[in-house]
Amino acid sequence: MEPQPLWSPSPQRRAEANLARFAQRVAADHGARCHDYASLYDWSVREPERFWSAVWDFCGVVASTRGATVLADGPRMPGARWFPEARLNFAENLLRRRDEDTALVFRGETRVRRSLSFRELHDAVSRLAQALRAEGVGPGDRVAAIVANLPEAIVGLLATSSLGAIWSSCSPDFGVQGILDRFGQIGPRVLLSVDGYFYAGKTHDNLGKLAQVLEALPEVRRAVVIPYVAEVHDLAAMPRAVRLDDFVSGFPGGEIAFAQLPFDHPLAILYSSGTTGVPKCIVHGQGGTLLQHLKEHQLQTDLKRGDRLFYFTTCGWMMWNWLVSGLATGATLLLYDGSPFHPGAATLWNYCDEERMTVFGTSAKYIDALAKIGFKPRDSHSLASLRTMTSTGSPLVAESFEYVYHNIKSDLLLSSISGGTDIVSCFVLGSPWLPVWPGEIQCRGLGMKVEVFDERGVAVVGEKGELVCSAPFPSMPVMFWNDPDSAKYRAAYFERFPGVWCHGDWMELTPRGTCIIYGRSDATLNPGGVRIGTAEIYRQVERLDEVVESLVIGQDWDNDVRVVLFVRLREGLVLDDALVKRIKDTIRSSTTPRHVPAKVLQVADIPRTKSGKIVELAVREVVHGRPVKNREALANAEALELFRDRPELATR
């Protein structure tokens, strides 16, 4: 039976959405009458220069110069240049407000509660920017940070950006080698670091780690320690280290001299997951990041001035950068650091009610975990302010959509979104004008010419294939660090289909314009030459109450590939023949016989990256007896040993 929408926007919600005002502006200024999302999307990719110019105007980008040219070298991909004459500053756009309303609210588990007004945020950025300038930091220099998701991290990014320097951050749970694999490539002049962090009620020291990092990074002139878990520290053993308060002492808050920078001037360096080698250093630009985030916040998420935006993230995940940009819309940011389940499942929902959250951002795994334990926020919390929920990190399965609408809130825009670190934004995401269908992402992002290519490079609808973007967009990376001839950059995205961005996701574009992502292309299974997305199997397996989570790989076998499924079960359960049969029958009845795994094996844990993504490729390497090149990228690298030398997988 054809599924029905789980939610559709009311006429009032459609009319009050930012998108309605934007469409009216487009009609008035450009003569394009777009009465629904499909027509607006078609216009946005057919007339990219007019579209992005309209986004600039509608969102009120602050710039000393805009220039007449919107897109230069437009057909080139890579090579197209957006707003090449513009001069602007990312931080200036985020610090438009200087009033007494709350800009940032922070909670560090049950230990710390703080807030900053927009005026206090501006002054904190001013003081740190002056201190960094006095330390010799200027345009193009790197400022790196080992930070929890607390206000000082945002202050650090904005102060760095205001000078035209380049920001790069990772979360404090990274090991020493993981930090050096990243920051060792970019040569930071200043390094910010928290003294420690809280997780699941425990305190973790970070100063010992900082000392080791500093030993290996002689180019760091100054390490600035942010007190978080303690107030007083003896830094005598680290002569280059200074407390944040001492670093900014003597610099008064006040006006900020925002450097006016080219649109593609580097803003931040983000990193690929690094599970198959040293992470790639992906450089994103000031203007492209700003414009893309403004579009996604205001037109796709319907974020408004005064909204209260939350995303559960760390500073090592691109969703933190996405969250921070909410300041450019005048929203209040709700920050949280620590375990989302400490001291219990109600933690983030208490936060939602107490701080009148309007947008709740999280991961598909978090929603699945709530469903697995039977937690129903609808029964215990008001959620009166909550208008939108977004999910990313992995595909959100149909059952998780239904869980949200049945157990969290029925009148809610639930947006499954997908893009990545590579573009610090989304290819496919939500819209306040469209219905929500179970298991499907609402739409392609405005201005993003997203298509699905088959093996021949032909665009298809209603079939699975490669997610591609066949026209330039502003948030393409400026470059990779230490890639002077752009060879690594071109190889990463443009080798598969020359002149077309190939993202590496296995996707289907449905006839109604929604999108279904089936997993990463490089993790796609290929038994008997038939390509199967891993998410197709996860969706079926994780419906079973006994299964907490799963991981599937293709194992080379008899000149073919066989599907091997690993499952982590509820505590105390043991995988027996009856459960194996139920798992296989569930997969077979809802998919095809080719999806049914040849082997189903129990494991105590499943390895994942710091941002929570499971790592099929690393497990595949271990199963085949090959080394995993960068274990430091994993949050629980020890779990890989659970997959090594399994007698059940011995090859003949």
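Structure first, text after, so check above.
Participant: Even after reading the chapter, I still don't get the overall build of the protein, so can you show me in this structure?
Facilitator: The secondary structure content of the protein amounts to 20 helices and 32 strands. Taking 26 Å as the expected radius of gyration for a compact globule of 652 residues, we find that the protein reaches 24 Å, a close match to that expectation. Each of the three principal axes of the protein carries a C-alpha extent, and together these read 70 × 65 × 55 Å. Considering the protein as a whole, with its 652 residues, one finds that 61% of them fall into the buried category. For the protein, long-range pairs separated by at least 24 residues make up 70% of all intrachain contacts whose partners lie at least 6 apart in sequence. Of the roughly 24,200 Å² that the protein leaves accessible, carbon and sulfur atoms contribute 48%. Side-chain charges of the protein comprise 73 positive and 77 negative groups, with the mean position of each set lying 2 Å from the other.

Participant: I would appreciate a short explanation of the environment of His233 in the present structure.
Facilitator: The topology assignment puts His233 in the loop between β12 (222-226) and β13 (241-243). A distance of 2.5 Å separates polar atoms of two side chains, one belonging to His233 and the other to Asp195. In terms of polar contacts, His233 uses its side chain to reach the backbone carbonyl oxygen of Ala230, at 3.5 Å.

Participant: Could you clarify how one ought to interpret the side chain of Lys295 in this entry?
Facilitator: Of note, Lys295 is situated in helix α11 (residues 286-300). Here Lys295 sits buried without a salt bridge, and the closest side chain of opposite charge, Glu296, lies 4.4 Å off (N-O distance). With residues up to four places along the chain from it excluded, the contact list for Lys295 reads Phe51, Trp52, Val55, Gln300, Gly445, Leu446 and Met448.

Participant: Is there a simple way to think about the packing of aromatic side chains in this case?
Facilitator: Aromatic ring pairs are defined here through the distance separating the ring centres and the angle between the ring planes. For the coordinates displayed, the defined rule picks out 32 aromatic pairs. Ring plane angle 35 degrees and centroid distance 4.6 Å describe the contact between Trp56 and Phe83, whose orientation is recorded as tilted. With a gap of 27 residues between them, Trp56 in helix α4 (residues 48-59) and Phe83 in the loop between β3 (81-82) and β4 (87-88) connect regions that are remote in the sequence. For Trp56, a relative accessible area of 5% corresponds to the buried category. Grouping aromatic residues by their ring pairs yields a cluster made of Phe310, Phe312, Tyr336, Phe341, Trp349, Tyr351, Phe360 and Tyr366. Over the ring of Tyr518 we find Lys464, and its NZ or CZ is 4.6 Å from the ring centre. The lysine or arginine in question, Arg512, covers the ring of Trp437, its NZ or CZ lying 3.6 Å from the ring centre.

Participant: Hey, could you run me through the pairing of strand β8 (residues 166-170) in this one?
Facilitator: Within a regular strand, the side chains alternate between the two sheet faces. Of all the five residues making up β8, five are buried; the element is thus mostly covered by neighbouring parts of the structure. Here β8 shows a buried face lined by Ile166, Ser168 and Cys170 and a second buried face lined by Trp167 and Ser169. Here strand β7 (residues 142-146) pairs with β8 via five bridges, running parallel. Among the inter-strand pairings, Ala144 is bridged to a residue of β8, identified as Ser168. Read from β7 through helix α7 (residues 151-163) to β8, the crossover connection turns out right-handed.

Participant: Got a minute to help me understand the sheet that holds strand β29 (residues 515-520) in this structure?
Facilitator: As a general point, the strands of a sheet are linked pairwise by backbone hydrogen bonds and lie either parallel or antiparallel. The strand order across the open sheet built from four strands is β25-β26-β28-β29, with neighbouring strands paired in antiparallel fashion. Looking along the sheet, the strands with just one partner apiece sit at the ends: β25 (450-453) and β29. Within this sheet the neighbouring strands show an average axis-to-axis angle of 45 degrees, counted without direction. Pairing analysis gives five bridges linking strand β26 (residues 464-469) to strand β28 (residues 501-509), with the strands arranged antiparallel. Residue pairing across strands places Glu466 opposite Trp506, the latter belonging to β28.

Participant: Would you explain helix α6 (residues 118-134) in this entry?
Facilitator: Think of an α-helix as turning once every 3.6 residues; residues three or four places apart then point the same way. An ideal rise of 1.5 Å per residue puts 24 Å on 17 residues; α6 measures up with 24 Å between its terminal C-alpha atoms. Listing the buried residues of α6 in full gives Phe118, Leu121, His122, Val125, Ser126, Leu128, Ala129, Ala131 and Leu132. Here the buried face of α6 lies against β5 (102-108), β6 (112-117), α7, β9 (190-194) and α10 (244-248). Two residues or fewer past α6, Gly136 is found with a positive phi of approximately 95 degrees.

The rules behind these values
Residues numbered from 1 in each chain as written. Predicted model: local features only at pLDDT ≥ 70, side-chain atom pairs only at ≥ 80, totals over all residues. Heavy atoms only, no water. Helix = DSSP H or I, 4+ residues; strand = E, 2+ residues; numbered from the N terminus. Rg over C-alpha atoms; globule rule 2.2 N^0.38 Å. Buried < 20%, exposed > 50% of the residue type's maximum accessible area, 1.4 Å probe, protein only. Contact = heavy atoms within 4.5 Å. Areas by Shrake-Rupley, 256 points an atom, 1.4 Å probe, with all protein chains shown as cover. Lys, Arg positive; Asp, Glu negative; His and termini not counted. Charge placed at Lys NZ, Arg CZ, Asp CG, Glu CD. Polar contact = N/O pair within 3.5 Å; in protein donor to acceptor, adjacent residues only side chain to side chain. Salt bridge = Lys/Arg side-chain N within 4 Å of Asp/Glu carboxyl O. Phe/Tyr/Trp six-rings, centres within 6.5 Å; stacked < 30°, edge-to-face > 60°. Lys NZ or Arg CZ within 6 Å of the ring centre and 35° of its normal. Pairing = 2+ DSSP bridges. Right-handed = clockwise from strand over helix to strand, strands pointing away. Axes fitted to C-alpha atoms, helices over the stretch in contact; angles between N-to-C directions. Expected span 1.5 Å × (residues − 1).

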